[in-house]
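Chain by chain, the residues:
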Amino acid sequence: MPGKAKQYVDQGMSSVQNTVNTLQQALNSAEKPDNKNKIQQAINSLNAAQQQLSGYQD
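Residues numbered from 1 in each chain as written. Predicted model: local features only at pLDDT ≥ 70, side-chain atom pairs only at ≥ 80, totals over all residues. Heavy atoms only, no water.

A.B. asks: Any chance you could break down the environment of Asn35 for me, citing the residues and the numbers?
C.D. replies: The residue Asn35 is located in helix H2 (residues 33–54) in this model. In this structure Asn35 comes out as partly exposed when scored by relative accessible area, which is 34%. (Helix = DSSP H or I, 4+ residues; strand = E, 2+ residues; numbered from the N terminus. Buried < 20%, exposed > 50% of the residue type's maximum accessible area, 1.4 Å probe, protein only.)

Here it is in structure tokens:
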């Protein structure tokens, strides 16, 4: 049975994925290049965080 920390990590990763999906919609809606850039940077950061967490072992 996985530990509690692993459950929290999985839950966090799920939340991050939902946030990335939402930001992707914002990116598609944004008009100003500067705003698009900020949203893309946030998406990149969240993807990097997910990448780090994907190797989590309990």
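A.B. asks: Tell me about H2, and name the residues and values.
C.D. replies: Given a rise of 1.5 Å per residue, 22 residues ought to cover 32 Å, and the 31 Å separating the end C-alpha atoms of H2 matches this to within 8%. The set of residues buried in H2 consists of Ile39, Ile43 and Gln50. Down the axis of H2, the buried side of the element spans an arc of 40°, and every buried residue falls inside it. The exposed set on the far side of H2, more than 90 degrees from its buried face, consists of Pro33, Gln51 and Gln52. (Expected span 1.5 Å × (residues − 1). Arc of directions from axis to C-beta.)

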